[in-house]
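Observations on the three-dimensional arrangement
Next come the chains, spelled out residue by residue.
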Amino acid sequence: MTLIFTSVTYAVKAQRLLAAVHIHTTLTRSPAVTAVRGCGYGLRLADGGRFAEAAEVLSRGGVKIAGTAKD
Amino acid sequence: MERVYLDNAATSFPKSDGVFAAMKAAFYGCGNGGRGGYGIAAAAAETVYDCRERLSALFGTVPENVVLCSGATLALNMAIKGLAAEKCTVLCSVLEHNAVLRPLYALSAAGRIRLKFFVPSFESGDDTASAFEKALTSDVKLAVFTHASNVCGMTLPAERLCRLASAHGVRTVVDCAQTAGHIPIDMSALGADVICIAGHKGIGGPMGTGALLVHPKRGLWLSTLVEGGTGSASREHFMPRLLPERLEAGTANITGIAGLSAAALELSINPEREKELRGRVVSGLKEIKNVRLYGEGADVPYMPLVLFNVGKEPSETVSERLSERGICVRGGLHCAPLAHSALGTGRYGGVRVSLGKANTEADCDALLSAVEEISASV
């Protein structure tokens, strides 16, 4: 599962918020990310099963998820 | 001849080894941040975000409200041109640097704004606040003022001015080029909508770095000054709506940003130490015959800058004679002609001494003996 963000700034911010609660991710620019708005950044969740938890953490941290893509 | 560097208001010197090491690491280890997902591009993105995080922690905002750029001049241009509404009146002080004055003159000459000045008092912060409030007429929509004069070091009561402006519905841009890194600045306490900082002065970063920082809780809409690639939303015709990318077109200065980030991390703010050294210079200069000091009001705080002249000697002549003795200071008008007019030094300018973190009592004493020698010969 990949979470998509509108910019690299928000992707890195999201990555750090998630790392703080031990949700590990990798920064990516896969085609799925580009498809959303024509270039953006994604975070690939190491454990896709933690998507709901990750979304909750990001919402609390004020980071909007622009879209999601299945790997 | 030993060099005594006293021109820290132009740029801090020397820079630290830690700053250089961070720049070197970025030079060899970073690609273009925000343009790819591979290792060295991701490393660059991390480096840039580190810098945003450190500056936001230092100035009390959030990382995404830190717009990185080439210096306070570009930051001020972006802030002024991004916030000045068409046909509004913009209020600024007579102490401003040309980085504020010239963008405002350009907007005014193009018929886009009306420009209005207020005159800060060199004697009292209360009088400055009164002058500012009187000038806040209903047509004023934006106020731009310096946190501290780059000519004489006098600080303005910025918190009070921001509060007054806010009460009148006026947006504020504060030029913190001479205060950032010298005194603690918290955007929430200050109340400014935007502050503009230089990375290479009080903070100790490399030249070619600076930032525009937006208040953490105010949703500001800034028009763009420069448009281009951001590595995001590429199909859209216009710049992204969100900061910081909205104001950051093109490839970032990653090595510079890495240096600025290292400088922000190792920064230690010690205004008392700088005040002590400034006091030593001021009291020493007061004892020297033919020396005249400017802007030395008792009731206002000063940054570690001192402006003086020796007799009727042009300031550039005195600066040159100090340079012959290894002392680096700056004469002339310091890109702030109206400030010099207000201080009575509009014709020949003044000799500016600006202290930094590396300066010592011995540096102050070396300056004083050199000025004494020059004074005795005029």
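Not measured: the values here are computed from a predicted model. (Residues numbered from 1 in each chain as written. Chains lettered and ligands numbered in written order. Predicted model: local features only at pLDDT ≥ 70, side-chain atom pairs only at ≥ 80, totals over all residues.)

**Points about the nonpolar core**
Residue and element names in this part refer to chain B. The cut-off we apply is this: The term nonpolar core refers to a group of buried residues, namely Ala, Val, Leu, Ile, Met, Phe, Trp, Tyr and Cys, whose C-beta atoms join them within 7 Å. Neighbour counting defines burial: a residue surrounded by 20 or more other C-beta atoms within 10 Å of its own C-beta is buried, one with 12 or fewer is exposed, and intermediate counts give partly exposed, using backbone-placed C-beta atoms. A run of H or I in DSSP becomes a helix once it reaches four residues, and a run of E becomes a strand once it reaches two; helices and strands are each numbered from the N terminus. Residue ranges assigned to each domain were obtained from an automatic or database domain assignment.
One finds Ile-195, Cys-196, Ile-197, Leu-212 and Leu-213 to be the most contacted residues of the largest nonpolar core, which totals 138 residues. Among the elements that line this core, the one with the most residues is helix α2 (residues 39-59), at ten residues. Looking at which domains feed residues into this core, each of domain 1 (4-14 + 269-376) and domain 2 (17-266) gives three or more.

**Let's talk about the domain arrangement of chain B**
Residue and element names in this part refer to chain B. Keep this limit in mind: Think of it this way: build a C-beta for each residue from its backbone, and any pair within 7 Å is a contact. Here the term charged refers only to Asp, Glu, Lys and Arg, the term nonpolar to Ala, Val, Leu, Ile, Met, Phe, Trp, Tyr, Cys and Pro, and the term polar to all other amino acids, Gly among them.
For chain B, the assigned domains are domain 1 (4-14 + 269-376) and domain 2 (17-266). Just the C-alpha atoms count here: the centres of domain 1 and domain 2 sit 27 Å apart. The interface is formed by 29 residues belonging to domain 1 together with 30 residues belonging to domain 2. Only α9 (271-286), β10 (305-310) and α11 (337-343) provide two or more residues apiece to the side of domain 1 that touches domain 2. Looking at which element gives the most residues to the side of domain 1 that touches domain 2, the answer is α11, with five residues. Residues of the side of domain 1 that touches domain 2, tallied by class, amount to 18 nonpolar, seven polar and four charged.

**As for the interface of chain B and chain A**
Taken together, the contact pairs 19 residues of chain B with 14 residues of chain A. The class makeup of the residues in the side of chain B that touches chain A is eight nonpolar, seven polar and four charged.

**Structural notes on the sheet that holds strand β1 (residues 2-5) of chain A**
All names here are of chain A. Quick reminder of the rule: A pair of strands counts as paired when DSSP detects no fewer than two bridges linking them. A fitted line through C-alpha atoms serves as each axis, taken over the contacting stretch for helices, and the angle formed by two N-to-C directions is quoted from 0 to 180°.
Sheet architecture is open: four strands sit in the order β2-β3-β1-β4, paired in antiparallel fashion. Either end of the sheet is taken by a strand with one partner, and the two such strands are β2 (25-28) and β4 (67-69). Ignoring strand direction, the axes of neighbouring strands in this sheet form an average angle of 25°. The sheet contact formed by β1 and strand β3 (residues 41-45) spans four bridges and is antiparallel. Each bridged residue has a counterpart across the sheet, and for Ile-4 the counterpart in β3 is Gly-42.

**Description of the packing of helix α3 (residues 72-83) of chain B against helix α4 (residues 98-109) of chain B**
Residues and elements named next belong to chain B. Our working definition: Handedness of each helix crossing follows the sense of rotation of the near helix against the far helix: counterclockwise by less than a right angle gives left-handed, clockwise gives right-handed.
Look at α3 against α4: their axes get within 9 Å of each other, and the N-to-C directions meet at 35°. For the pair α3 and α4, the sense of crossing is right-handed. Two secondary-structure elements touch here, α3 through Ala-72, Thr-73, Leu-76, Asn-77, Ile-80 and Lys-81 and α4 through Ala-99, Val-100, Pro-103, Leu-104 and Leu-107.

**Describing the environment of A:Arg29**
Mapped onto the elements of the fold, A:Arg29 is located in the loop between β2 and α2 (31-37). In sequence terms A:Arg29 and A:Leu17 are twelve residues apart; their C-alpha atoms lie 19 Å from each other. Excluding residues within four positions of it along the chain, A:Arg29 makes contact with A:Thr34, A:Tyr41, A:Gly42, B:Gly36 and B:Gly37.

**A few points about helix α1 (residues 17-29) of chain B**
For an α-helix the count is 3.6 residues per turn, leaving residues at separations of three or four pointing the same way. Residues and elements named next belong to chain B. Definition in use: Given a helix with a known number of residues, its expected span is that number minus one, times 1.5 Å. Picture the helix axis, draw a direction to every C-beta atom, and the arc is the one those directions span.
A rise of 1.5 Å per residue sets the reference length of α1, with its 13 residues, at 18 Å; its end C-alpha atoms lie 18 Å apart and thus fit the reference within 8%. Buried within α1 we find Val-19, Ala-22, Met-23 and Ala-26. One face of α1 carries all of its buried residues, which in axial projection span an arc of 100°. Opposite the buried face of α1, by more than 90 degrees, sit the exposed residues Asp-17 and Tyr-28.

**Here's the deal with the sheet that holds strand β6 (residues 171-175) of chain B**
Residue and element names in this part refer to chain B. Read across the open sheet, the seven strands follow the order β2-β8-β7-β6-β5-β3-β4; overall the sheet is mixed. The open sheet has two edge strands with one neighbour each: β2 (66-69) and β4 (113-118). Ignoring which end each strand starts from, the neighbouring axes of this sheet average 20° apart. Two strands pair when backbone bridges link them, and strand β3 (residues 88-93) and strand β5 (residues 140-146) are joined in this way by four bridges, in the parallel orientation.

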